[in-house]
Amino acid sequence: MDYLKYIAKTGRTHQHPYGQKGTYLLLEKLPKNLTNKTILEVGCGTGHTAAILSKYDNLFYTGVDTSLDMINFSNKRKEKLNLTNCNFKHTTIYNAHFKNNYFDVIICESVLAIQDFDSFHRILKECFRILKHEGVFIFNETLWNERTKKETIKKTNSLASKHFGIIQAEPSATLNKWIYALKKNGFNHINTNQITKNNCDNTSIKIDTLEARSLNYSKKSKYLKSLNLRYLFLYFYFKFKNKAIKINSGELETYIFTAKKQKQSKNNG
């Protein structure tokens, strides 16, 4: 069982760098007025972000994920919490057949960097197509520092793939190359903010009742699965292997990207 399947089966949340606070830093970038807005999450995981966003009136959320196990858990969460303003689809973003200019916002957490080069660009192209004009694409990712050696990247990805079933990050995933890729695929007004321990420490979290229920639901699921020796073994296995993959300070960097889709002037085509 690879790590993503383990997450899906146990219902874990915030399984990315900087965890819960990393998610909150991303959500702080959302437009202030979300009334009657449509939002898509690419790689919705076990559906916890849908629960967080359900506090917004008349916001409709769609989550897509390539893992059927993730979607199954998301739908269980939806039923348990009676989430009425969200929908989950088992599909890739480019096979979902969304209409042109459909979503106001697209969000994504720790999904793009583990894609291969072609899939990454295909996702960017599709996000641009389905975003409304003046829509915004917001995502956080951990990328390679431009100075990280190729040998280090190859070794780290090899170990991550062996022990977790996914790579750490595609070799070309660096800040400057991603900014270039966003521009190449039509996005403009691109802003980046690095996530560090310091700005996470300064981030306050206010959990409402529904989000607390969602977290408790995941906690209960994780506990029940831990009664199964197989899942208990996997918990310690992944924890041990995570520490075994040594990444030196500065080799990786985590950023939040915000990229707008704006109409090009007639003079620019």
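Thresholds applied
- Residues numbered from 1 in each chain as written.
- Predicted model: local features only at pLDDT ≥ 70, side-chain atom pairs only at ≥ 80, totals over all residues.
- Heavy atoms only, no water.
- Pairing = 2+ DSSP bridges.
- Helix = DSSP H or I, 4+ residues; strand = E, 2+ residues; numbered from the N terminus.
- Right-handed = clockwise from strand over helix to strand, strands pointing away.
- Axes fitted to C-alpha atoms, helices over the stretch in contact; angles between N-to-C directions.
- Contact = heavy atoms within 4.5 Å.
- Patch = residues over 30% accessible without salt bridge, like charges linked within 9 Å, V, L, I, M, F, W, Y side chains within 5 Å.
- Areas by Shrake-Rupley, 256 points an atom, 1.4 Å probe, with all protein chains shown as cover.
- Salt bridge = Lys/Arg side-chain N within 4 Å of Asp/Glu carboxyl O.
- Buried < 20%, exposed > 50% of the residue type's maximum accessible area, 1.4 Å probe, protein only.
- Polar contact = N/O pair within 3.5 Å; in protein donor to acceptor, adjacent residues only side chain to side chain.

*Asks:* Where do I start with the pairing of strand β3 (residues 86-90) in this structure?
*Replies:* Across a regular strand the side chains alternate sides, sitting on one face of the sheet and then on the other. With five bridges joining them, strand β2 (residues 60-65) and β3 adopt parallel strand pairing. What sits directly across from Asp65, in β3, is His90. Assessed by its sense of winding, the connection that carries the chain from β2 through helix α4 (residues 68-81) to β3 is right-handed.

*Asks:* Which parts of the structure should I look at to understand the sheet that holds strand β5 (residues 131-144)?
*Replies:* Sheet strands pair by backbone hydrogen bonding; their relative direction is either parallel or antiparallel. Read across the sheet, seven strands follow the order β3-β2-β1-β4-β5-β7-β6 without closing on themselves; strand pairing throughout is mixed. Across the chains shown, the open sheet's two edge strands, defined by having one partner strand only, are β3 and β6 (188-195). Adjacent strand axes in the sheet meet at a mean angle of 15 degrees when their direction is disregarded. The strands that α4 touches are β2 and β3; relative to β3, the one it contacts most, it runs at about 160 degrees. The strands touched by helix α5 (residues 117-130) within the sheet are β1 (38-42), β4 (103-109), β5 and β7 (252-261), with β5 carrying the most contacts at an inclination of about 155 degrees.

*Asks:* I tried to follow a nonpolar patch on the surface on my own but got confused; where do I start?
*Replies:* Among the surface-exposed residues, Tyr223, Leu224 and Leu227 lie close enough to one another that they form a single nonpolar patch of about 340 Å² accessible area. As for its position among the elements, Tyr223 is in helix α9 (residues 209-226). Residue class for Tyr223 comes out exposed when judged on its relative accessible area of 52%.

*Asks:* Help me understand the pairing of β7, please; the structure alone is not making it clear to me.
*Replies:* In terms of burial, β7 is largely enclosed, as eight of its ten residues are buried. Sheet analysis places β6 next to β7, joined by six bridges and oriented antiparallel. Bridging across to β7, Thr192 finds its partner in Phe257.

*Asks:* For this particular structure, what's the right way to read the side chain of Ser218?
*Replies:* Turning to its location among the elements, Ser218 is positioned in helix α9. Only 2.8 Å separates the side chain of Ser218 from the side chain of Arg77, close enough to count as a polar contact. In this structure Ser218 touches Thr10, Gly11, Thr13, Phe73 and Arg77, once residues within four positions along its chain are discounted.

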